[in-house]
Amino acid sequence: MRWCSPALKIDVLAAAIRNQPRFLDGRTLVITGERAEESPSRARYATLEPHRTSTLARAVDHWRPVHDWTERLTWDAISQARIRPHPAYVMGWGRLSCRACIFGSPDQWATLRLVFPAAFRRVAAREAASGKTINRSLTVTQLAHRGTAFPAATLHPDELAQADDPVWRLSILTDRWTLPAGAFGDHAGPP
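Fair warning: this is a prediction, and the values are worked out from it, not measured in the lab. (Residues numbered from 1 in each chain as written. Predicted model: local features only at pLDDT ≥ 70, side-chain atom pairs only at ≥ 80, totals over all residues. Heavy atoms only, no water.)

Chemist: Explain unusual backbone geometry residue by residue, including any values.
Modeler: In this structure, R82 takes a positive phi of about 60 degrees despite not being glycine. A relative accessible area of 33% means that R82 is categorised as partly exposed. (Buried < 20%, exposed > 50% of the residue type's maximum accessible area, 1.4 Å probe, protein only.)

Chemist: Now, about the sheet that holds strand β2 (residues 48–50): what can you tell me, with residues and values included?
Modeler: Taken in spatial order, the three strands line up as β1-β3-β2 in an open sheet, and their pairing is mixed. The sheet is open, and its two borders are formed by β1 (27–31) and β2, each paired with just one other strand. Across the sheet, the mean angle from the axis of one strand to that of its neighbour is 25 degrees, orientation sign disregarded. Inspection of the sheet shows β1 paired to strand β3 (residues 59–63) by five bridges, in the parallel sense. Each residue of the ladder has a partner; that of I31, found in β3, is W63. (Pairing = 2+ DSSP bridges. Helix = DSSP H or I, 4+ residues; strand = E, 2+ residues; numbered from the N terminus. Axes fitted to C-alpha atoms, helices over the stretch in contact; angles between N-to-C directions.)

Chemist: Lay out the nonpolar core in plain terms, naming residues and giving numbers.
Modeler: Core analysis: the biggest nonpolar cluster contains 18 residues, and M91, W93, W109, L112, F116, F120 and V140 have the highest contact counts within it. Those residues in contact with F116, other than ones at most four positions away along the chain, are M91, R99, T111, A163 and D164. (Core = buried A, V, L, I, M, F, W, Y, C linked by side-chain atoms within 4.5 Å. Contact = heavy atoms within 4.5 Å.)

Chemist: Any details on the packing of aromatic side chains? Residues and values, ideally.
Modeler: Enumeration according to the criterion identifies three aromatic pairs in this entry. On the numbers, 5.5 Å between centres and 70 degrees between planes, the contact of W93 with F150 is edge-to-face. Of this pair, W93 sits in the loop between α4 (87–91) and α5 (106–115) while F150 sits in the loop between α7 (140–146) and α8 (157–163); the two residues are 57 residues apart in sequence, bridging distant segments of the chain. We classify W93 as buried; its relative accessible area is 4%. The lysine or arginine in question, R99, covers the ring of F116, its NZ or CZ lying 4.4 Å from the ring centre. Above the face of the F120 ring, R113 is positioned so that its terminal group lies 5.8 Å from the ring centre. (Phe/Tyr/Trp six-rings, centres within 6.5 Å; stacked < 30°, edge-to-face > 60°. Lys NZ or Arg CZ within 6 Å of the ring centre and 35° of its normal.)

Okay, here's the thing in structure tokens:
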């Protein structure tokens, strides 16, 4: 059952806005990066609309400035600004979600097993202990066997370390920008 986006992102932000008096004074703008091209449900989102937390007492707007952008336009803008792509894109993921996402493709599981073996073993051990699998019919080990790892060897050691660090430590801008392996690639993940 998919609960990650509502429970870990959408509802957390909504609770923060609803439960802090500072959001009752003035207007608040929530900016997110959903693109219509990503899924049929995201295509139905409005570019600008009242946020789900907006009330008569709390004015909150939700803006999706890249809603109408294509993936090509997005990567072109990132390239022109010389913004360092997230290591997940450099490793081959086509979108950012949990690295052990329940919707992960066989190639993503093969990459996780190769690059982050301890994380892979934890997920596989939890499957074995619970008798339940993340996928409807295959274990993560079976999925990884069916996949081919992304070209993670292209990662600079600093990027590889960053990919496993919850705190961002690299510079945002880079002088050696190249289109990452995950651009226009494996878009497995939540629909």
